[in-house]
Amino acid sequence: VLYHNAIGIVSLAALFKYMATALDEPLDCDVPSLDRVAIARLYDDLGYFETAASLYELGLAQGLPEEFFLRTLQRFALSCRKQGRWDLAKAIWIKAAEHNDLSAYIELAKLFEHHEKDPVEALDCVQKGLNAVSNSFAPLYVKQTIEEDLQRRMVRLMRKIISTPTENQPEA
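Sequence order as written defines residue numbering, which begins from 1 separately in each chain. In keeping with the model being predicted, local features are shown solely for residues with a pLDDT of at least 70 and side-chain atom pairs are shown and tallied solely at 80 or more, while totals for entire chains, interfaces and linings include all residues. Only hydrogens and water are set aside; all other atoms, that is, all heavy atoms of the structure, feed into the side-chain values.

Draft legend 1. Broad picture of the overall build of the protein chain. Only runs of H or I of at least four residues qualify as helices and only runs of E of at least two qualify as strands under DSSP, and these elements are numbered from the N terminus. A count of helical and extended segments in the protein chain gives 8 helices and 0 strands. C-alpha atoms define the radius of gyration in this analysis, and the globule rule sets the expected value at 2.2 Å times the number of residues to the power 0.38. Over its C-alpha trace the protein chain gives a radius of gyration of 22 Å, far above what one expects of a compact globule, namely 16 Å for 172 residues. Each principal axis of the C-alpha distribution contributes one length, and for the protein chain these read about 85 × 35 × 20 Å. Exposure categories follow from relative accessible area, calculated using a 1.4 Å probe and restricted to protein chains: below 20% of the type maximum is buried, above 50% is exposed, and the middle band is partly exposed. Considering the protein chain as a whole, with its 172 residues, one finds that 34% of them fall into the buried category. Only heavy atoms enter the contact rule, under which two residues are in contact if any of them lie within 4.5 Å. Nonlocal contacts in the protein chain, meaning residues at least 24 apart in sequence, comprise 44% of its contacts between residues at least 6 apart. Residue-level accessible areas treat just the shown protein chains as cover; the underlying method is Shrake-Rupley with a 1.4 Å probe. As displayed, the protein chain has an accessible area near 11100 Å², and 58% of this comes from carbon and sulfur atoms. Of the charged side chains in the protein chain, 19 are positive and 25 negative; the average position of the first set lies 5 Å away from that of the second. Think of it this way: Lys and Arg go in the positive column, Asp and Glu in the negative one, and His and the chain ends go nowhere. Taken as the charge centre is NZ of Lys, CZ of Arg, CG of Asp or CD of Glu, depending on the residue.

In structure tokens form, the structure reads like this:
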């Protein structure tokens, strides 16, 4: 029992040193990608967005398992959106969509519709999202929820496109 307790204390001391180093100089320390992304989330939550963005980028570049890769892209993009870094958020959502992240299509559609004021491009994202949903292996409830959201968006965007005069169409 004493040996086991001694090993536990030594392990905790080593873990403390590892974490202290990783948190003190997160950009310069050599840590696995999952740890780097976890530290990025911490810095993001604390409001250190520039450091968090650098850590997200490093973690993604190191390589992550697909499940963590998509979650990291989602979190990084949402952080960028909160900071008004729309171009970076857009690039991240495009990358996520390329990896079949269904929620990325919704986010891209929102960005094109509300931020870039381009309902035609938003509708294109919705249609691509609907195709992705039909080919997805996601759980049924996830597919249904996303599909319902995309269908509502499609109807609204089509109404918006039809009611918006084009350059070739004379106004009444």
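Draft legend 2. Structural view of the side chain of Ser136. Relative to the helices and strands, Ser136 resides in the loop between α7 (119-134) and α8 (140-163). Residue classification places Ser136 among the buried residues on the basis of a relative accessible area of 17%. Look past the residues within four positions of Ser136 in its chain and what remains in contact with it is Leu102 and Lys143.

Draft legend 3. Representation of a nonpolar patch on the surface within the structure. A cluster of nonpolar residues, Leu12, Leu15, Tyr18, Met19, Leu23, Leu42, Leu46 and Tyr48, forms a patch on the protein surface that exposes about 740 Å² of accessible area. Counting residues per element, the ones that place at least two in the nonpolar patch are α1 (2-24) and α2 (33-46). Locating Tyr18 in the fold gives a position in helix α1. Residues form patches when they are more than 30% accessible in relative terms and have no salt bridge. Like charges link within 9 Å. Nonpolar side chains (Val, Leu, Ile, Met, Phe, Trp, Tyr) link within 5 Å. Every case where a carboxyl oxygen of Asp or Glu lies within 4 Å of a side-chain nitrogen of Lys or Arg is listed as a salt bridge.

Draft legend 4. Structural detail: the pattern of salt bridges. One pass over the structure, following the stated rule, counts 10 salt bridges. Residues Glu116 and Lys90 are paired through a salt bridge, measuring 3.4 Å at the closest nitrogen-oxygen approach. Of this pair, Glu116 sits in the loop between α6 (102-115) and α7 while Lys90 sits in helix α5 (residues 86-98); the two residues are 26 residues apart in sequence, bridging distant segments of the chain. For Glu116, a relative accessible area of 32% puts it in the partly exposed group.

Draft legend 5. Just the environment of Gln144, in detail. Locating Gln144 in the fold gives a position in helix α8. Using a relative accessible area of 40% as the deciding quantity, one classes Gln144 as partly exposed. Along the primary structure Gln144 and Ser134 are separated by 10 residues, whereas in three dimensions their C-alpha atoms are 9.9 Å apart.

Note that every value here comes from positions in space, so none of it alone points to a role or purpose.
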